[in-house]
Each structure stands twice: as C-alpha cells, then as structure tokens.
Amino acid sequence: MGGNVQTQQQEEQENITKNCLPNGVPTNPILTPHKMGKFNLSHRVALAPLTRMRSYNNIPQPHGALYYSQRATKGGFLISEATVISESARGYPNTPGIWSKEQVEAWKPIVDAVHAKGGIFFCQIWHVGRVSTYDYQPNRQAPVSSTSKQLTPQILPDGTEAVYSPPRRLSTDEIPQVVNEFRLAARNAMEAGFDGVEIHGAHGYLIDQFMKDEVNDRTDEYGGSLENRCRFALEVVEAVANEIGADRVGIKLSPYASYLDSGDSNPTALGVYVAESLNKYGILYCNMVEPRMQLLEESFEVAESLVPMRKAFNGTFIAAGGYNKEDGNKAVAENRADLVAYGRLFLANPDLPKRFELDASLNKHDRNTYYIPDPVVGYTDYPFLENTA
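Given the structure is predicted, the values throughout are model-derived calculations rather than measurements.

Draft legend 1. Local environment of the overall build of the protein. A tally of regular secondary structure across the protein gives 12 helices and 14 strands. Compactness check: the protein gives a C-alpha radius of gyration of 20 Å against a globular reference of 21 Å for 389 residues, within 12% of the reference. Taken over the C-alpha atoms alone, the protein extends approximately 60 × 45 × 40 Å along its principal axes. Here the protein holds 389 residues, and the buried ones make up 58% of them. Here the protein displays about 15,500 Å² of accessible surface, and carbon together with sulfur accounts for 50% of that area.

What follows is the structure in structure tokens.
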C-alpha cells in the first residue's frame, strides 16, 4: 500500500509543480485535485467540523441543509459538525445526534443537499466523555471517562464559566460497549447517506481522555504505556472500519492540544505512534490539528510540526488549525498536507474555494454568533461574493 501511496503523492506533487508561475511558485496548490481513496476531490479546501448548536433537542434541522449545501462544491470535501453517538455521549446543548432513527431521517435531506451540489460529506462521530454534566446524562448519572478526575471549570466563548460533573471511570469490561456505540453510529451515518465518518479523537473528548497522560491514570490494559493509552482509540477505528469499510473512515487527532485539561508529556511520540498504528487498518485519512493551536482560538509560535506524523501515515493527511490561504498553499506545495481543513474562514465565507481562486476579500467571522440557536443569523446569512459586489 505504501508504494502506491508514494507514487500517487509523487504524481500529485508533479501536477502541483506544473501549475506554477515562471519562478516555480505554484499559483494555488490548494485548488489542485486530489484523489482521496475512491473520492476524486476537485480541490483541497476542506470544511472543518464545526459545532454550531442549532440542532434542537439533538435533532438535525432543515436549516442545516442550507448551511452545508452553501459550503458544498463539486468534488469538495465537507466534514459535519461533531455528532453525538449516544444519549450519554452528550455535553452541549442542541448538538446533533446519530443514535436514533429520528436523527438518521433528519440527516438524510441535509446529506442529499450536499450531494446535489456534488460534494463529499463525512459525519464526525463524537463522545464527549467527562466534558459533561448530570443534566445531559440519562437519569442524571455521572458522565463516563478514562478517569474519575473531574475536569476543572472552563471559561466558555461567551465569558460564562462551565462547571462539569465528576466523571465515573469506565470499567475494563464496559469499554467494548462504548466501542460498539461508535460502530453503530457509523452504521447509522451510512444509512443517513453520508460518504463516510470521521472519528473524533481530539480536543479533550473521550478518545483523547484515554490517549493523553495528563488525563489517563488507569492501571489496566487501557492505561500506563503509550500502547495501552491508544488501545481504545484503535479499537474504535477497527470496529468502525470493519462496519463500514476502512476506505470510508477518517480520524481527527490533536496530540499537541492541551485544552480541557488534556495535555500530553510527549505529544510528538503520541502523534507518531497513532499515525503509524492507523496504517494497520488502512483507513482513508488522518485529520490532525497543528501544534500552534494549543488553545481553541489562539495560535502560538512553536518549534514542533506535523511533518513526522505526515511521514508516518500512509493515507490522505489533512492539516487543520489557524490556516489562511497563503499558508494552506504552502503546506500543500511543501507536501506537508494533502488537504487543509478550514473552520472560521469557511464558516464566514460559504464560497471560500471561489474566493481563494479569485483572490477575493473575505467576510469577517462573528464569534458572538458561533453557538447561538438562531437558524439564520451567523449561520446561513454570511454573504456570497456575488452578493457583496
């Protein structure tokens, strides 16, 4: 497999080089095609998974069809907002689920709207673990995690303080049940019409709570060594790949991020180990958050890079975190990433690939409307280029 991947990467690099100005600088490498497994992408500007909190009572809503289809292009790649795999996996208001028949049916017209524009659409499947409270849990039970350590209170984007309930450490024999919830969510996503799923293994949520040594204090086969701490993540990958096919599975990872009390003492070793381990399952892609994004909305100057993980992983490699057009082009031109996932820029500019192509100005994102429940404001009302002329 590695040889074929290498050949494909070499061919794509040659295409990027051909698409150059006389001085050898590529015009827009990020707008060149990429073959991601069976999916022929027309460009490399991916929609990052973005929580928007507009799925009332965990049911995807009709306004979601407009929001996602606005950002869809023929051969463009979109990743859905984080989508909850079970009732006990919740930790935020109005986030969509994929555990019930009603939710699956509600997703179908949204997925159809993206496909009608020729887009490729993956569902990000998610369990928050300890980032929750009794209020979100069935029968007000304790949230589950790798640990019984309570998450410290966090300041939310609106300036309020979130206080989390003490979690219950999953017993060793309960872990397969959670793995199975991910498997069933992947099956449901396929029934809803999605082209595949992205397993959310980042940002301090359940899978990350197992991988990171700041959180994981277990003494069974899921704690201690790097191999043990990554066991749960890889069991989820294996179960999901067996259920829907490895060629429809991606994973999101953030080895360097430390928010939600989820740092690691050796993030590079963690990232490389997971990237290498994923090759055994032959999954489609790895979506990894840049080291500079140690906090959710702030970018830092750092010495580390994702290059070791890029080299270790055989599939399509997606880089995310604080990218603009210029450094997205640079990442692709230098073969540090196959795709770049854009969050805030894509949120505020539904026609982002077109704006990149025309070197047009960009709408500014409004942080105040990221998570409000309004079905239009800050959601589907960001103007397209033709509306701003």
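Draft legend 2. Main features of the packing of aromatic side chains. The tally for this structure, following the rule as stated, stands at 17 aromatic pairs. When the centroid spacing of 6.3 Å and the interplanar angle of 80° are considered together, the rings of Tyr92 and Tyr205 count as edge-to-face. Residue Tyr92 is located in the loop between strand E4 (77-84) and helix H3 (101-116), and its partner Tyr205 is located in the loop between strand E10 (196-201) and helix H5 (206-211); the two are separated by 113 residues in the primary sequence. With a relative accessible area of 10%, Tyr205 lands in the buried category. One aromatic cluster is present, formed by Tyr67, Tyr68, Trp107, Phe121, Phe194 and Tyr379 through successive ring pairs.

Draft legend 3. Here's a closer look at the nonpolar core. One finds Ile125, Phe182, Ile199, Phe232, Val240, Leu278 and Tyr342 to be the most contacted residues of the largest nonpolar core, which totals 96 residues. Per-element accounting of this core gives the leading share, nine residues, to helix H7 (residues 231-244). Filtering out sequence-adjacent residues up to four positions away, Leu278 remains in contact with Leu234, Val237, Ile251, Leu253, Ile283, Cys286 and Phe313. Counting residues in hydrophobic clusters, the runner-up holds 15 residues, among them Ala46, Phe77, Phe122 and Ile318.

Draft legend 4. Main features of the environment of Pro255. Inspection of the secondary structure assignment puts Pro255 in the loop between strand E11 (249-253) and helix H8 (267-278). With a relative accessible area of 5%, Pro255 lands in the buried category. Spatially, the C-alpha atoms of Pro255 and His63 are 34 Å apart, while their sequence positions differ by 192 residues.

Draft legend 5. Highlighting the pairing of E10. Buried residues dominate E10, accounting for six of its six residues. Burial along E10 is two-sided: Gly196, Glu198 and His200 facing one way and Val197, Ile199 and Gly201 facing the other are all buried. Summarising the sheet, strand E5 (residues 120-126) and E10 pair through four bridges and their orientation is parallel. Paired with Ile125 across the two strands is Ile199, which belongs to E10. Across five bridges, the pairing between E10 and E11 is parallel. Across the sheet, residue His200 finds its bridge partner in E11, namely Lys252.

Cut-offs used in this document
- Residues numbered from 1 in each chain as written.
- Predicted model: local features only at pLDDT ≥ 70, side-chain atom pairs only at ≥ 80, totals over all residues.
- Heavy atoms only, no water.
- Helix = DSSP H or I, 4+ residues; strand = E, 2+ residues; numbered from the N terminus.
- Rg over C-alpha atoms; globule rule 2.2 N^0.38 Å.
- Buried < 20%, exposed > 50% of the residue type's maximum accessible area, 1.4 Å probe, protein only.
- Areas by Shrake-Rupley, 256 points an atom, 1.4 Å probe, with all protein chains shown as cover.
- Phe/Tyr/Trp six-rings, centres within 6.5 Å; stacked < 30°, edge-to-face > 60°.
- Core = buried A, V, L, I, M, F, W, Y, C linked by side-chain atoms within 4.5 Å.
- Contact = heavy atoms within 4.5 Å.
- Pairing = 2+ DSSP bridges.

That is the geometry; function is a separate question.
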